[in-house]
Amino acid sequence: MWLAVLAFVVALALLLYKLNDTYYVLCICKRVKTEDGSPLGNKVYELPGTTIFGNTFDFKDLTPAGLFKFVRDCNNRSQGKSVLSYYPVTPLYSIVKAEDAVEFFQSTELLQKPIFYQLLQDFLGDGLLLSSDRKWMHRRKMLTPAYHFNILREFTTTFKEESIRLVKRLDSMPTDVVEVHEISKEFALNSIIETALGVKLDDITGSAEYRQTINQIEDIFLERIFNMLFYFNGLFRLFGKYEKYKRHLNIVHEFSNNIIQKKKEEYRQKQKGATEDVDEFGKKNRYAMLDTLLAEEAKGNIDHQGICDEVNTFMFEGFDTTSTCLAFTIMNLALHPEAQAKCREEISNLGEFTSLTVMDFNKLMYLECVLKETLRLYPSVPFISRKCSTETRINGLILPANSQIDVHIFDINRDPKHFPDPSAFKPERYFPENTVKRHPFASVAFSAGARNCIGQKFALLEMKVVMVSLLLNYEILPITKVEDLNLEYGIILRTSEKIHVKLRKIAK
């Protein structure tokens with residue numbers, strides 16, 4: 001009897017030992033292998049786990065700032081190698097160099113978002129950020145014309161109006177010390193509502209509550225990230241902050257739905273008496289984002305829920321990422337008066353602000369370099385992720401189906417091989433003569449490949465307009481310094497501390 005039990009235990013141990021060559025048994029997933037059979041350590045840094053369950057509990061008890069530091073420490077220990085770790089049912093392959101990102105960005109198969117993005121499903125639905133396969137390709141093709149140059153040209157007037165409104169608000173403040181995230185978020189959200197969504201702010205209430213609620217949704221999302229049990233919706237509903245999350249979702253969805261309903265009324269009125277979808281030259285009309293979606297709904301190419309998903313996605317992604325870049329840009333110019341002076345010199349010959357056109361803003365090459373250098377140092381989206389829907393061969397590795405690939409844009413952007421003195425703020429890195437020989441994926445703040453940021457030209461123009469307005473009206477003086485800040489992971493890059501600057505009015 002006891003011999004039989006002992007034999008069974010030994011046989012089971014041998015079986016598990018053998019299985020462990022192919023499977024990470026305690027993570028319930030297949031192991032990553034090399035294509036040529038060479039040791040895995042030659043190609044990647046295998047991150048040691050804190051328990052026998054791989055890296056499953058590495059994030060336990062981490063804060064958003066702690067997670068940011070943990071990832072940076074791991075990537076620094078890898079000494080330039082990609083990092084391999086194991087979580088329940090999912091090997092994670094983390095890319096930290098431009099050279100290793102080539103096959104990722106050029107792939108036409110790596111388009112599906114991994115499981116943790118699905119935690120945003122109730123918030124964003126199947127918008128461009130979360131959708132995949134045919135739905136994503138159909139929606140991307142549908143929305144691309146909404147960011148055509150001719151549309152951006154029309155948006156310039158609104159960007160200028162919102163910039164003037166921001167300056168008036170700043171002039172009326174009782175202090176010249178401002179918290180930059182506060183003003184940048186208000187400007188960015190207002191601009192999106194009045195341009196891409198085409199609705200006048202005077203007709204919509206609740207934008208301040210929307211901005212606050214987005215931050216609270218993000219905090220709950222991070223709590224789910226840190227506790228893998230909350231990946232399961234049932235457990236999150238029972239033991240997590242589900243009721244609070246549901247209330248926040250109702251607030252943001254009601255806000256976006258009010259915008260959609262308002263625009264639908266305007267669209268129906270506009271369509272009355274309209275005959276052809278062409279301009280006076282016989283060319284097909286181009287519409288801003290929400291107009292485009294409503295036109296496609298009329299053709300039966302998208303339903304109301306699809307419109308809600310795309311509007312929620314663009315409002316969230318567009319205002320939060322842009323406002324983050326603006327906040328860091330204002331801080332950088334405050335800390336680097338020589339760069340601020342060059343920007344002001346560049347804009348001094350443009351003429352009256354209210355008469356500037358999109359072509360005038362396109363001429364501001366130094367300001368554009370400032371924005372790009374800010375995005376290099378502080379990419380609004382510090383990493384992107386994809387799920388391998390099938391077995392995937394990349395960079396000499398064989399990743400099993402359901403593996404996750406993370407591309408750490410923050411680390412790629414600070415690779416000293418491509419950016420000497422990588423932590424220094426040097427806009428001249430983006431002068432044409434300095435970029436011509438640079439690796440094409442050394443600076444990818446807007447991502448790259450098929451799923452690159454659809455609104456990057458929109459964002460750059462928007463930021464140029466408001467920065468010109470601020471530079472014409474204020475000298476930006478430093479208060480918060482880089483060493484005062486702790487960066488942290490949210491859905492986008494955040495700081496634990498608020499960023500403050502002093503605005504000294506320029507006499508005219």
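Residues numbered from 1 in each chain as written. Predicted model: local features only at pLDDT ≥ 70, side-chain atom pairs only at ≥ 80, totals over all residues. Heavy atoms only, no water.

Within an unreviewed UniProt entry, the label attached to the protein chain reads Cytochrome P450, and the organism entered is Stomoxys calcitrans. Quoted verbatim from the Cofactor (unreviewed entry) heading of the UniProt record, the comment on the protein chain is "heme". (UniProt positions renumbered as here; feature names shortened; annotations may be inferred.)

Topic: the packing of helix α6 (residues 149–172) against helix α7 (residues 180–194)
The interhelical angle for the contact between α6 and α7, taken along N-to-C directions, is 150°, at an axis separation of 10 Å. With respect to α7, the element α6 is oriented roughly antiparallel. When you trace α6 past α7, the crossing you get is right-handed. Here Thr158, Phe159, Glu162, Ser163, Arg165, Leu166, Arg169 and Leu170 of α6 come into contact with α7, specifically with Glu182, Ile183, Glu186, Phe187, Asn190, Ser191 and Glu194. Taken together, the residues of the contact of α6 with α7 break down into 5 nonpolar, 4 polar and 6 charged. (Axes fitted to C-alpha atoms, helices over the stretch in contact; angles between N-to-C directions. Helix = DSSP H or I, 4+ residues; strand = E, 2+ residues; numbered from the N terminus. Parallel < 35°, antiparallel > 145°, perpendicular 65-115°, else oblique. Left-handed = near helix turned anticlockwise from the far one by under 90°. Contact = heavy atoms within 4.5 Å. Nonpolar A, V, L, I, M, F, W, Y, C, P; charged D, E, K, R; others polar.)

A word on unusual backbone geometry
A positive phi angle, near 50°, is found at Asn395, a position not held by glycine. As for its placement among the helices and strands, Asn395 is situated in the loop between β9 (392–394) and β10 (397–399). The phi torsion at Asn402 lies on the positive side, around 80°, for a residue other than glycine. Along the polypeptide, Asn402 turns up in the loop between β10 and β11 (404–407). Judged by relative accessible area, Asn402 falls into the partly exposed class, the value being 39%. (Buried < 20%, exposed > 50% of the residue type's maximum accessible area, 1.4 Å probe, protein only.)

A few points about the sheet that holds strand β4 (residues 44–46)
An order of β4-β5-β6-β11-β8 is seen for the 5 strands of this open sheet, with the pairing classed as mixed. Here the strands that pair on one side only, and so sit at the sheet edges, are β4 and β8 (384–387). When strand polarity is set aside, the average angle formed by the axes of neighbouring strands in this sheet is 25°. Where β8 and β11 come together, 4 bridges link them in antiparallel fashion. (Pairing = 2+ DSSP bridges.)

Things to note about the packing of aromatic side chains
Here the structure, examined in full by the defined rule, presents 27 aromatic pairs. With centroids separated by 5.7 Å and ring planes inclined at 85°, the aromatic side chains of Phe155 and Phe458 adopt a geometry described as edge-to-face. Taken together, the residues Phe155 in helix α6 and Phe458 in helix α18 (residues 456–473) connect sequence positions 303 residues apart. You'll find Phe155 and Phe458 in the same group, each marked buried. Note on Phe236 and Tyr245: the rings are 5.8 Å apart at their centroids and 75° apart in plane angle, and the pair reads as edge-to-face. Exposure remark for Tyr245: the relative accessible area of 3% places this residue in the buried category. In textbook terms, an aromatic cluster arises when at least three aromatic residues are bridged by ring pairs, as seen for Phe68, Phe116, Tyr117, Phe383, Phe410 and Tyr489. (Phe/Tyr/Trp six-rings, centres within 6.5 Å; stacked < 30°, edge-to-face > 60°.)

Thoughts on helix α2 (residues 64–77)
The end-to-end C-alpha separation of α2 is 20 Å, in line with the 20 Å expected for 14 residues at 1.5 Å each. Residues of α2 that are buried include every one of Pro64, Leu67, Phe68, Phe70, Val71, Arg72, Cys74 and Asn75, and no others. In the core, the buried residues of α2 are packed alongside β4, β5 (82–87), α8 (207–226), α16 (409–412), β13 (487–489) and β14 (493–495). In the stretch just after α2, Gln79 is the one whose phi turns positive, near 55°. (Expected span 1.5 Å × (residues − 1).)

Describing helix α3 (residues 98–106)
Those residues of α3 that fall on the buried side of the exposure criterion are Ala98, Asp100, Ala101, Phe104 and Phe105. Taken around the axis of α3, the buried residues stretch over an arc of 145°, which confines them to a single face. Against β5, β6 (90–95), β8, β9, β11 and α16 lie the buried residues of α3. (Arc of directions from axis to C-beta.)

Brief notes about the nonpolar core
Counting residues in each nonpolar core, the largest one holds 130 residues, and the members touching the most others are Phe123, Tyr210, Ile259, Leu293, Met315 and Phe458. Ranked by residues supplied to this core, first place goes to helix α12 (residues 304–335) with 15 residues. Ignoring anything within four residues of it in the chain, the contact list for Phe458 reads Tyr147, Leu152, Phe155, Phe159, Ile192, Thr195, Ala196 and Phe314. Grouped together as the second largest cluster of nonpolar side chains are 31 residues, Leu110, Cys369, Leu399 and Val444 included. (Core = buried A, V, L, I, M, F, W, Y, C linked by side-chain atoms within 4.5 Å.)

As for the pattern of salt bridges
This model, assessed by the stated rule, comprises 30 salt bridges. The closest approach of N and O atoms between Lys505 and Asp171, which form a salt bridge, is 3.0 Å. You can see Lys505 sitting in strand β15 (residues 500–505) and its partner Asp171 sitting in helix α6, a full 334 residues away along the chain. For Asp291, the salt bridge is made with Lys263, and the minimal N-O distance between the two is 3.6 Å. Pair noted here: Asp291 is in helix α11 (residues 289–298) and Lys263 is in helix α10 (residues 242–271), with a separation of 28 residues, a long-range link. A residue is classified by how much of its surface remains accessible, and Asp291, at 10% relative accessible area, is buried. Here Lys263 falls in the buried class, since its relative accessible area comes to 6%. (Salt bridge = Lys/Arg side-chain N within 4 Å of Asp/Glu carboxyl O.)

Quick word on the UniProt feature "binding site: heme" (unreviewed entry) in the protein chain
The feature "binding site: heme" (unreviewed entry), as given by UniProt, occupies Cys453 in the numbering adopted here. With respect to the helices and strands, Cys453 occurs in the loop between α17 (432–435) and α18. The exposure class of Cys453 is partly exposed, given its relative accessible area of 33%. With residues near it in sequence (within four places) discarded, Cys453 still touches Arg140 and Phe446.

Observations concerning the sheet that holds β9
On the basis of which strands lie adjacent, the open sheet formed by 3 strands has the order β3-β10-β9 and antiparallel pairing. Each having just a single partner strand, β3 (33–34) and β9 make up the two edges of the open sheet. Where β9 lies against β10, 3 bridges are found, and the strand directions are antiparallel. Within β10, the residue paired with Ile394 across the bridge is Leu397.

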